[in-house]
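# Architecture at a glance
In case you want the letters, here they are:
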Amino acid sequence: MADDKTYLLKKDFENDKVTKKVSFDKVDHLFCLTLYNEESDFLSSTLLSILKNSNELRENDSFEKVMVCIICDGYEKISNSSFEYLKKINVLNGDKAYVYRDEELKDDDFASIYRQKSGPFTLYEDGRGSTISSSMDIMLCIKNKNAGKLDSHWWFFNKICPLILPEYCYQIDAGTVLAKGTLQNMSSAFMHYPQTVAFSNNVLIESENPFDFLESFQVFDFILQKAILWPSESFFGYLSVIPGQFCAIRYDGFDKSKIEGESTPKERYLRGLECSSPFEKTMYMAEDRMMGFELLVQNQSDNRLEYNPQSTCYTDKCDSIDEFLSQRRRWCNSAFMCRIWMMFNMLRYWENSTSSIFKKAHTMSSLISMVLNTLFDFFQPFIVFLVLSVVFDSIDGVVDKNIISSSFSKVLLCFIVFSWMLPLIFSFSSYKSNRYFFRFVLIMASAATSLSILFIVSGVFLSDRLFEIQNVIIFYPIIFVVIVLLSSLLISYENYRLALRSFIPHFLIAIPFNLMTFGYSFINMNDSSWGTKGLSNNVENKINAKKFLYFRNKFVFIWLFLNLSLILFSVFSDGYIGLISFVGYLSLIIMFTGFLGNLRIYCLNSFKMKSKGKIKKLNY
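Residues numbered from 1 in each chain as written. Predicted model: local features only at pLDDT ≥ 70, side-chain atom pairs only at ≥ 80, totals over all residues. Heavy atoms only, no water.

All right, on to the nonpolar core then. A general feature of soluble globular proteins is that nonpolar side chains tend to end up buried together. With 150 residues, the main nonpolar core has Phe31, Ile70, Phe156 and Phe157 as its most contacted residues. If you tally residues by element for this core, the top one is helix H15 (residues 380–400), at 12 residues. When residues no more than four places from it in sequence are discounted, the contact partners of phenylalanine 31 are Ile50, Val66, Met67, Val68, Cys69, Phe156, Tyr170, Ile172, Leu178, Leu183 and Phe246. Core analysis: the second largest hydrophobic core is formed by 17 residues, Cys318, Leu422, Phe426 and Met516 among them. (Core = buried A, V, L, I, M, F, W, Y, C linked by side-chain atoms within 4.5 Å. Buried < 20%, exposed > 50% of the residue type's maximum accessible area, 1.4 Å probe, protein only. Helix = DSSP H or I, 4+ residues; strand = E, 2+ residues; numbered from the N terminus. Contact = heavy atoms within 4.5 Å.)

This structure, assessed with the given rule, holds 35 aromatic pairs. Note on phenylalanine 220 and phenylalanine 480: the rings are 6.2 Å apart at their centroids and 55 degrees apart in plane angle, and the pair reads as tilted. Taken together, the positions of phenylalanine 220 in helix H6 (residues 213–236) and phenylalanine 480 in helix H18 (residues 472–491) put the pair 260 residues apart, joining distant regions of the chain. With a relative accessible area of 1%, phenylalanine 220 lands in the buried category. Note on phenylalanine 378 and phenylalanine 379: the rings are 5.0 Å apart at their centroids and 80 degrees apart in plane angle, and the pair reads as edge-to-face. For the pair shown, phenylalanine 378 and phenylalanine 379 are each scored as buried. (Phe/Tyr/Trp six-rings, centres within 6.5 Å; stacked < 30°, edge-to-face > 60°.)

It is worth spelling out the pattern of salt bridges at this point. One pass over the structure, following the stated rule, counts 19 salt bridges. Its salt-bridge partner being aspartate 302, residue lysine 359 comes within 3.8 Å of it at the nearest N-O pair. With a gap of 57 residues between them, lysine 359 in helix H13 (residues 357–364) and aspartate 302 in the loop between helix H10 (287–296) and strand E12 (304–314) connect regions that are remote in the sequence. The partner of aspartate 322 in a salt bridge is lysine 432, with the nearest N and O atoms 3.8 Å apart. Of this pair, aspartate 322 sits in helix H11 (residues 321–345) while lysine 432 sits in the loop between helix H16 (406–427) and helix H17 (435–462), and the two are 110 residues apart along the sequence. For lysine 432, a relative accessible area of 17% translates into the label buried. Linked through salt bridges whose partners overlap, the residues forming this network are Glu208, Glu215, Lys317 and Asp319. (Salt bridge = Lys/Arg side-chain N within 4 Å of Asp/Glu carboxyl O.)

Here we take up the environment of leucine 422. You can see leucine 422 is positioned in helix H16. Here leucine 422 is in contact with Phe440, Val441 and Met444, once residues within four sequence places are set aside.

Right, dumping it as structure tokens:
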């Protein structure tokens, strides 16, 4: 099938090397659906959800036009099932033209454009056909070369959007499914918030098996972002991420400069294609964060980025620990470098924005959120040490009451330390693909966390220190769960349901898994490949291996040195109790600001949005 695809496209190209003029009617909502090697069920589920949302607009007497542009990252990378699916829905049989990257008309740097005109579509899902009548157009753009997701965005924003001039652009990954009412809600959001140039949305992972700890960890991690971290950033004045799984952009604010001759946010965002330094290469793996920042700091503008939790979608999860670690390596490293870069470039917002002094001060206060999140990520080993210190102290209290012997307590301490370190060791093991070994690691980590909770609670009650201020950490898990559940309930019942199903498995492995993800990520910082969907080859690193390794070694040395220095300081100064309280209070600040941010968004939506109906997942 791969040979058939190559022959088909190359044959068409050889028979018609002259570019054709492509003309399109102006549309209101233009989707950029990025496709790499995903199977047809991922593609069909995304298309079906967009089509049904498009029909909802028409049913509500809206005359807004919708178009989907599917951008394939290299014709040789399209899966056989997706290629057959595109033929079945007649996209490959529509009007065709060629678009070149530049005026030189290079034979190896072009994209094939196919367009299926509006009308009834026969969409195939799970082998079954369902006919949906829609006014939506589908366009297919197949890049001749595989060059990555950011390069797909280059084709979309530089070649497709100027032909269509959409009001709003949406980035969506193949496999992401829009919930009912999402597109209608986004249309209303843009209308009610004219200063908002981009929206982050309520991206979730469906919980299929609450006893699958890897799945539950991912589900609750997404819930935690939407319930605490994003609302906390919004509360401080700046939302730092416009998620690549699904986000919405006001095209006019992205592709136009307020000052003649100055680069646009789009041009600055796409500079990531030309970067070569390890720092920039790592930073631009979080292309969604860079997009949001460039929109915020646009000269002579009052741009805002907002979180719209009422627009919900579902994305796919990582099914294996290998894929999970590769994904988190990219996410953790790129987010960390982005925050560092943003902290040093935030002054651009103060200088460029036309907002009031109050708005500027509010947005600049987001530096507090950036610093706190960066410190929590960087000092994960030290935070684990502080928690272990509480466990050690609590076990001593149990030993003093002669409930367990001193020798047995040392065995338990060794077991807890080893079990919490085991996931990090496991992540570098050649056995990490072995599901039985992975289950063993999960059991050990969960058992160690359960024992730690038991000893902490017992130690506090037995030593009559329940109400001492340094024991705020005892109540931290309870406060944490209550705030996350309440914040999730403010967003939607669906968020609350997923949080309730996944928080216990997540809680049992959260400490060792966070240590594993950040430790694995930082130690593999020399790897700037995408990591998931088979994208593990890193040509850039092979060419500049020494440069990337030097950058990684320097970063890891600083990371280990500062964490070990804090640990040694705490041990020899006996000041860990104060540090525990300090870290606990910082965590509570993030949690309470997250709750307040959600409450603010809920009140704004109640008065301005007046969304119709409840958000619920359709069985697409």
